[in-house]
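What follows is each chain in one-letter form.
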Amino acid sequence: MGFSFNPINVENMKFILFTCSILLLSSINSTAQKSTCCKKSVESTEAFAMLGNQTSFQTVHKAPLPFTFQSENGKTIQFKTSEGTPGSAFEIKSAKPTKNVVLMVHEWWGLNDHIKQEAERLQKELGNVTVLALDLYDGKIASNPEDAGKLMGEVKAERASAIVKGAIEYAGKDAKIYTIGWCFGGGWSMQSALLAGKQAAGCVMYYGMPEKDVAKLKGINTDVLFVFASKDQWINQEVVNTFEKDMKAAGKKLTVKTYDADHAFANPSNPKHDKELAADAHAEVLAYFKAKLK
């Protein structure tokens with residue numbers, strides 16, 4: 001028996017194929033849009049963390065100078081997170097009850113003794129604040145650039161965000177949240193301010209990757225002080241120019257303090273630490289926070 005085409009069936013088949021093509025294209029576009037959306041949400045954190053794998057980025061970060069810090073008032077605490085795994089921080093409490101809480105985020109080395117010293121120093125200088133130096137590495141600390149790059153690259157935005165939100169909940173719903181961080185922590189200083197919502201009261205970023213989603217920037221409840229090193233190869237002038245443009249588009253205030261220095265110039269554990277410029281930047285930071293604490 002021979003096989004013959006039915007004209008009606010052929011037309012039906014054409015219609016079915018056309019419909020399937022439309023559905024396939026819609027699915028592809030939807031997937032692409034979701035991919036772009038997700039990329040934006042982690043671009044300023046995880047994308048920057050991937051720099052840790054670059055030899056050039058590792059080379060500019062010399063191994064931190066050996067240092068052991070004996071704290072007078074600080075202690076390591078744990079707090080609940082939405083993931084179930086507790087988060088931790090080095091806490092230096094205010095001598096008197098206060099609603100002012102500073103969330104400090106470490107550089108790519110992790111929460112080492114240099115950061116703990118900085119936390120205690122800042123608490124003493126500001127007085128009426130409690131400082132929480134967050135541990136986004138969950139207890140891991142690097143002593144060389146290779147390990148630091150690996151640890152920074154392993155940080156997932158979901159886990160880091162859970163730690164930050166857990167710290168904010170630990171601080172309390174009435175707390176005023178101030179944030180500060182360097183390099184890797186500079187980017188997470190901004191993310192912490194965003195996560196703090198209406199509780200955000202101040203944000204300092206030392207050469208960290210800014211948030212690039214203008215829609216998100218519209219939701220930040222504070223102005224931002226950005227410390228910029230003009231010789232920085234990664235958080236460079238182009239990044240700063242874009243940040244200024246995006247913050248203006250979001251209707252938010254950004255203050256940029258520029259220094260003729262290289263990345264990580266403010267880190268006292270860096271053999272290339274610029275003591276004079278770091279002191280000037282620190283004075284700017286203190287003035288910024290003190291003006292808000294009045």
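Reference entry: report on the structure contained in this document. None of the values given here were measured: they were computed from a predicted structure.

Take the packing of helix α4 (residues 113-126) against helix α10 (residues 275-293) next. In a packed pair of helices, the relevant descriptors are the angle between the two axes and the axis-to-axis distance. Across the interface, α4 lies against α10 with an axial gap of 11 Å and an inter-helix angle of 50°. Judged by the angle between their axes, α4 and α10 are oblique. Taken as a pair, α4 and α10 cross one another with a handedness that is right-handed. Between α4 and α10, the contacting residues are Glu118, Arg121, Leu122, Glu125 and Leu126 on the first element and His282, Leu286, Phe289, Lys290 and Leu293 on the second. Taken together, the residues of the contact of α4 with α10 sort by class into five nonpolar, one polar and four charged.

Counted under the stated rule, the structure contains two cavities of 30 Å³ or more. Reported here for the largest cavity is a volume of approximately 70 Å³. In terms of lining residues, the largest cavity is bounded by 12 residues, among which His61, Trp109, Ala264, Asn267 and Asn270 are the most central. Its residues assigned to classes, the lining of the largest cavity comprises six nonpolar, four polar and two charged.

Time to look at the layout of surface pockets. A volume near 280 Å³ is recorded for the largest pocket. Lining of the largest pocket is provided by 20 residues; of these, Glu118, Arg121, Ala266, Asn267 and Pro268 occupy positions nearest its centre. Put simply, the parts of the chain that give the lining of the largest pocket at least two residues each are α4 and α10.

As a further point, take the nonpolar core. Formed by 85 residues in total, the largest nonpolar core has its most connected members in Ile180 and Tyr206. If near-sequence neighbours (up to four positions away) are discounted, Ile180 is found in contact with Val102, Leu103, Met104, Val105, Leu122, Ser189, Val204, Tyr206, Val285 and Phe289.

Turning our eyes to something else, we now look at helix α7 (residues 184-195). Owing to its 3.6 residues per turn, the α-helix aligns residues three or four sequence positions apart on the same side. Its 12 residues place the ends of α7 17 Å apart at the C-alpha level, agreeing with the 16 Å of an ideal helix rising 1.5 Å per residue. Along α7, the residues classified as buried are Phe184, Gly185, Gly186, Gly187, Trp188, Ser189, Met190, Gln191, Ser192, Ala193 and Leu194. Gly197 sits one or two residues past α7 and shows a positive phi near 60°.

With their axes 10 Å apart at the nearest point, helix α6 (residues 157-171) and α7 run at an angle of 55° to one another. The orientation of α6 with respect to α7, classified from their angle, is oblique. Our pair here, α6 against α7, has a crossing hand that is right-handed. Contact with α6, carried on its side by Ala157, Ala160, Ser161, Val164, Lys165 and Ile168, involves Trp188, Ser192 and Leu195 of α7 and no other residues of that element.

On to the sheet that holds strand β4 (residues 130-134), then. Read from one edge to the other, the open sheet built from eight strands follows the order β1-β2-β4-β3-β5-β6-β7-β8, with strand pairing classed as mixed. Of all the strands in the sheet, just β1 (75-79) and β8 (254-259) have a single pairing partner and so form its edges. Across the sheet, the mean angle separating the axes of adjacent strands is 20° when strand polarity is ignored. Examined bridge by bridge, strand β3 (residues 100-105) and β4 share five bridges and lie parallel to one another. Residue pairing for β4: Leu103 is matched across the bridge by Leu132. Along the sheet face, α10 touches β3, β5 (176-182), β6 (200-206), β7 (224-229) and β8 and points at about 175° away from the line of β6.

For Asp138, which is not glycine, the phi torsion reads 50° and is therefore positive. Turning to its location among the elements, Asp138 is positioned in the loop between β4 and α5 (145-154). For Asp138, a relative accessible area of 38% corresponds to the partly exposed category. Notably, Ala264 is not glycine yet its phi reads approximately 70°, a positive angle. Its place among the elements puts Ala264 in the loop between β8 and α10. Its relative accessible area of 4% is what places Ala264 among the buried residues.

About the thresholds
- Residues numbered from 1 in each chain as written.
- Predicted model: local features only at pLDDT ≥ 70, side-chain atom pairs only at ≥ 80, totals over all residues.
- Heavy atoms only, no water.
- Axes fitted to C-alpha atoms, helices over the stretch in contact; angles between N-to-C directions.
- Helix = DSSP H or I, 4+ residues; strand = E, 2+ residues; numbered from the N terminus.
- Parallel < 35°, antiparallel > 145°, perpendicular 65-115°, else oblique.
- Left-handed = near helix turned anticlockwise from the far one by under 90°.
- Contact = heavy atoms within 4.5 Å.
- Nonpolar A, V, L, I, M, F, W, Y, C, P; charged D, E, K, R; others polar.
- 1 Å grid on protein atoms, 1.4 Å probe; cavity = no way out; pocket = protein on both sides within 12 Å on 5 of 7 lines; lining within 4 Å.
- Points joined across faces, edges and corners; volume = space filled by probe spheres on them.
- Core = buried A, V, L, I, M, F, W, Y, C linked by side-chain atoms within 4.5 Å.
- Buried < 20%, exposed > 50% of the residue type's maximum accessible area, 1.4 Å probe, protein only.
- Expected span 1.5 Å × (residues − 1).
- Pairing = 2+ DSSP bridges.

These results come straight from atomic positions and should not be treated as a statement about function.
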